[in-house]
2 protein chains.
Amino acid sequence: MASRAGRAPGVTIGDVAAAAQVSRATVSRAFTRPQLLSQETVERVRTVAARLGYVGNQAARALSTGRFGNIAVVVPDIANPFFPPLVRSLQLAAETADLAVFLGDSDESAEREAKLIARLAAQVEGFVLASPRLSEALIRELAATRPVVLVNRDLDGIPRVLIDSSGGMTEAVLLLKKLGHQRLVYLAGPRDSWSDQQRRETLTQTSAKARLTVEIVEVGRPTYAAGRDSVSAVVRSGATAAIAFDDVVSQGVLAGLEVRGISVPTDFSLVGCDDTLAALTTPALTSVSAGAATAGTAAAKLLVNLLEATEPHTEPSAECVTIATHLVTRATTAAAPKSTP
Amino acid sequence: MASRAGRAPGVTIGDVAAAAQVSRATVSRAFTRPQLLSQETVERVRTVAARLGYVGNQAARALSTGRFGNIAVVVPDIANPFFPPLVRSLQLAAETADLAVFLGDSDESAEREAKLIARLAAQVEGFVLASPRLSEALIRELAATRPVVLVNRDLDGIPRVLIDSSGGMTEAVLLLKKLGHQRLVYLAGPRDSWSDQQRRETLTQTSAKARLTVEIVEVGRPTYAAGRDSVSAVVRSGATAAIAFDDVVSQGVLAGLEVRGISVPTDFSLVGCDDTLAALTTPALTSVSAGAATAGTAAAKLLVNLLEATEPHTEPSAECVTIATHLVTRATTAAAPKSTP
DNA sequence: AAGGCTCATGCAACCGGTTGCACAGCCGTG
DNA sequence: CACGGCTGTGCAACCGGTTGCATGAGCCTT
């Protein structure tokens, strides 16, 4: 039972070669280019390899091929319910392409994001940056080096998946208008967030067209607590309805309103975004759908295509996948209260 | 501007060596063992390296040292709100130890879990398996190969972090008893889950002691839909209170109860587990706290220690960190309704 | 029967770091 | 002045795969 020096768990290609009585090259080819070998040899080698429990050393492979078989997905906050479904579907899709997935959580910080990327760059073939907080320049720099797919960030020339909230957002404004609301509040998310910028813009433009006034309250980091704390500003604004950056903020707002005895939707209407928790609240939250899972799958596909196309024809293909949204009306929106004198 | 063949983005150790007029070995040592070199050389090499933008090739390094600087965390379902905080804190802790984190989502399948692990094993130094669905034998086999830390799985001899629900669970039973409930239902989660087994057991034992009857309703995969669909069984049981495997199931149950016009907590009391969404529901859910984030940090620390100790003294140190829980009483628990004849 | 072709396989170099060992230069000591 | 020790650096092998090229066997063709 005495074994080789050390206790390296690794069966190497050399071990397999010896056992199968072929050269190391043949073992390698049995896995990477079986067409080059005789049917019989391939089978024999594979059988022996399986018996010995051979698993190729990824590092060695990466060293000679330059390919790692890894990708990275970077998110600002995995604890934000928007991201888990995205990451999940991404990972499952990557799995079918035999890619392993690094996860980076930047904690909403551009700086940490940059560090993470630098750390991972050395061992991934491509990145999926979800809602990156990074500067455009840095993203472009990275994209010049290796395949990058963005989610919810709109940079021309870089493949991206955009969840276009404008559709659902517009519906929301129109609904509120129809319900008689005249003054809205937008509870804005992180400034670095493309989604926030898009929502902000759509909202102000649509409101202007609909002749509604909209005040913007900065919430900053989109958390439950931040949403709850923003309620005082909401109340001060005199608005009768609010649209929040996302559902997490909405939850906080719901809680804050309840504390103040403001009942939803009788006294106040609220619309969320992303539809991540929407059905789970009470009252059930009216929200703009998002389809994060779809985005994850799309991003993975985009990246896989990019990786595969990296050799054949050097066409960068800056594809842009857009995912449409719509308003899901539930129980937090109702007619505006009679105006108080 | 003509450059080297290909367009390898990589500045290699050779490039730095040439530019600094030293050997490759010296460059290597300037980073890994600066004590061996003269102060001056170290500085010169580092300066040159920085100027060239040298970043060590992780694969090559891994190949010669056998260290990858990567760990993997495997979860059954990242979309389950219990896991994101755990993964998040784990990743942040790993970052400080300069470890990159692979994420694997096994989709609640032991088989997929095994595949993921096999795929990742080749490039990680250690694993954190959160709520693994894998068989004990396979886990032990893996643990024999490399450092493994378990979360919510209790295997003797393997370092693990356990969120001990029994404390909170017992409190829950006692509270319900005090409120006059006599028949309980436990909405059980995945059978492969240690957490479920622990909760199941604690619950039956404590209930027996408290002279309460408890019926078990299998929910299977802990999802909102599954929780909602289990309500018919709950109603059929004739119980006046339920304890659910986790908060997600509880949410579903709340929804299902509402549909049937059963009001909580007047007609029925409900207790969740993990306290992941607890404050966010209406009525706010009474739940057993969990501290997933704490568990994530603890697991990371355990693994880091293990990795560092792997050489010095070969003491396996099968440490077991237990995180206590308690009941957080909110608004879904109240006195049992008058018994109907 | 000889030349040419194809197919299957081996040889050896290479990817980019790390590290044991050798060696050169310098110092201090006896 | 000779010698041992210490310090700083280079040489070259090695980690475990991959791959261009060479080789040899077998078969077909003319």
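Starting afresh in each chain, residues are numbered from 1 along the sequence in its written order. As a convention, the first chain written is A and the first ligand written is 1, with the rest following in written order. Side-chain atom pairs in this predicted model are given and counted only at pLDDT of 80 or more, local residue features only at pLDDT of at least 70, and totals for whole chains, interfaces and linings cover all residues.

The name that an unreviewed UniProt entry assigns to chain A is LacI family transcriptional regulator, with the source organism given as Kribbella sindirgiensis.

Undergrad: Please clarify how the overall build of chain A should be interpreted in this entry.
TA: Strands are runs of DSSP state E lasting at least two residues, helices are runs of H or I lasting at least four, and both sets are numbered from the N terminus onward. Check the secondary structure of chain A and you find 13 helices and 12 strands. The globule rule used here is 2.2 Å times the number of residues to the 0.38 power, and the radius of gyration it is set against is calculated over C-alpha atoms. For 341 residues, the compact-globule estimate of 2.2 N^0.38 gives 20 Å, and the C-alpha radius of gyration of chain A, at 26 Å, exceeds that figure by more than 25%. Counting other C-beta atoms within 10 Å of each residue's C-beta, where C-beta atoms are placed from the backbone, gives the exposure class: buried for 20 or more, exposed for 12 or fewer, partly exposed between. Of all 341 residues assigned to chain A, the portion counted as buried reaches 48%. Expressed as a percentage of contacts within chain A between residues at least 6 apart in sequence, the contacts between residues at least 24 apart total 69%. Any pair of residues counts as being in contact when their C-beta atoms, constructed from backbone geometry, are within 7 Å of one another.

Undergrad: Even after reading the chapter, I still don't get the domain arrangement of chain A, so can you show me in this structure?
TA: Frequently, the measure chosen for interface size is the accessible area that the parts lose on association. Per the domain assignment, the segments making up chain A are domain 1 (13–56), domain 2 (70–162 + 292–322) and domain 3 (164–290). A separation of 61 Å is found between the C-alpha centroids of domain 1 of chain A and domain 3 of chain A. Note that the domain bounds were set by an automatic or database domain assignment.

Undergrad: Please clarify how the protein's contact with DNA strand C should be interpreted in this entry.
TA: What surrounds DNA strand C is a group of 28 residues, the closest being A:Ala25, A:Thr26, B:Ile13, B:Ala25 and B:Ser28. Top contributing element to the surface near DNA strand C by residue count: helix α2 (residues 24–32) of chain B, with six residues. Across the surface near DNA strand C, the residue classes tally to 11 nonpolar, 13 polar and four charged. In this entry, near means the residue's backbone-placed C-beta atom lies within 6 Å of the molecule or strand. Throughout this entry, Asp, Glu, Lys and Arg are counted as charged residues, while Ala, Val, Leu, Ile, Met, Phe, Trp, Tyr, Cys and Pro are counted as nonpolar. The remaining residues, Gly among them, count as polar.

Undergrad: Hey, could you run me through the UniProt feature "domain: HTH lacI-type" (unreviewed entry) in chain A in this one?
TA: When the UniProt feature table is mapped onto this chain, "domain: HTH lacI-type" (unreviewed entry) is found at residues 11–65 of chain A. In residues 11–65 of chain A, helix accounts for 71% and strand for 0%; the two terminal C-alpha atoms are 20 Å from one another. UniProt positions are given in the numbering used here, feature names are shortened, and annotations may be inferred rather than shown by experiment.

Undergrad: Help me out: how do you make sense of the sheet that holds strand β12 (residues 327–328) of chain A in this one?
TA: Strands pair in a sheet through their backbones, by hydrogen bonds, and they do so in one of two ways: parallel or antiparallel. Residues and elements named next belong to chain A. Think of it this way: DSSP has to see at least two bridges between two strands before they count as a pair. Spatially, β7-β6-β8-β9-β10-β12 is the arrangement adopted by the six strands of the open sheet, whose pairing is mixed. Of all strands in the sheet, those bounded by a partner on one side alone are β7 (213–218) and β12. The pairing of strand β6 (residues 183–188) with β7 spans six bridges and is classified as parallel. Its bridge partner lying in β7, tyrosine 186 is registered against isoleucine 216.

Undergrad: Explain the environment of B:Tyr54 to me, please; I cannot follow it from the model alone.
TA: Residues and elements named next belong to chain B. For tyrosine 54, the location among the structural elements is in the loop between α3 (39–52) and α4 (58–65). Using a count of 20 C-beta atoms within 10 Å as the deciding quantity, one classes tyrosine 54 as buried. In sequence terms tyrosine 54 and alanine 18 are 36 residues apart; their C-alpha atoms lie 13 Å from each other. Discounting chain neighbours no more than four positions away, the residues touching tyrosine 54 are Val11, Val16 and Ala49.

Undergrad: So what exactly am I meant to see when it comes to the environment of A:Ala188 here?
TA: All names here are of chain A. If you trace the backbone, alanine 188 turns up in strand β6. Judged by local crowding, alanine 188 falls into the buried class, with 23 C-beta atoms found within 10 Å. Distance from alanine 188 to glycine 227, taken between C-alpha atoms, is 9.9 Å for residues 39 residues apart in sequence. What alanine 188 contacts, discounting residues up to four positions off in sequence, is Asp196, Arg200, Ile216, Val217, Glu218, Val219 and Phe245.

Undergrad: I would appreciate a short explanation of the relation of the copies chain B and chain A in the present structure.
TA: Turning one copy of the chain about an axis and sliding it along that axis gives the other copy, so a rotation and a shift relate them. Copy-to-copy alignment: least squares on C-alpha atoms, limited to residues at pLDDT 70 or above in both. With an RMSD of 0.2 Å, chain B superimposes on chain A once it is rotated by 180 degrees and translated 0.1 Å along the axis. A rotation of that kind, with that shift, is consistent with a two-fold axis. The rotation axis passes nearest to the C-alpha of B:Phe102 in chain B, at a distance of 2.0 Å. Of the residues that chain B buries at the interface, 89% are likewise interface residues in chain A, meaning the two copies contact each other through the same surface.

Undergrad: Help me understand the sheet that holds strand β7 (residues 213–218) of chain B, please; the structure alone is not making it clear to me.
TA: Residue and element names in this part refer to chain B. Strands sit in the order β7-β6-β8-β9-β10-β12 across an open sheet of six strands; the sheet is mixed. Of all strands in the sheet, those with a lone pairing partner are β7 and β12 (327–328), marking the two edges. Two elements, strand β6 (residues 183–188) and strand β8 (residues 241–244), share four bridges in a ladder whose sense is parallel. Opposite valine 185, over in β8, you have alanine 242 as the bridge partner. Only the contacting stretch of a helix is used when fitting its axis, a line to C-alpha atoms as for every element, and angles between N-to-C directions run 0 to 180 degrees. Seen against the sheet, helix α9 (residues 194–210) touches β6, β7, β8 and β9 (269–274) and runs at an angle of roughly 170 degrees to β6.

Undergrad: Help me understand the protein's contact with DNA strand D in this model?
TA: Within the structure, DNA strand D sits among 28 residues, and A:Ile13, A:Ala25, A:Ser28, A:Ser64 and B:Ala25 are positioned closest to it. Only α2 (24–32) and α4 (58–65) of chain A together with α2 and α4 of chain B provide two or more residues apiece to the surface near DNA strand D. Residue contributions to the surface near DNA strand D peak at six residues, all from α2(A). Taken together, the residues that form the surface near DNA strand D break down as 11 nonpolar, 13 polar and four charged.

Undergrad: So what exactly am I meant to see when it comes to the interface of chain B and chain A here?
TA: Facing 37 residues of chain B, the contacting portion of chain A comprises 34 residues. Contributions of two or more residues to the side of chain B that touches chain A are made by α4, α5 (83–96), β2 (100–105) and α6 (110–121) of chain B. Residue contributions to the side of chain B that touches chain A peak at six residues, all from α5(B). Of the residues belonging to the side of chain B that touches chain A, the class tally is 25 nonpolar, eight polar and four charged.

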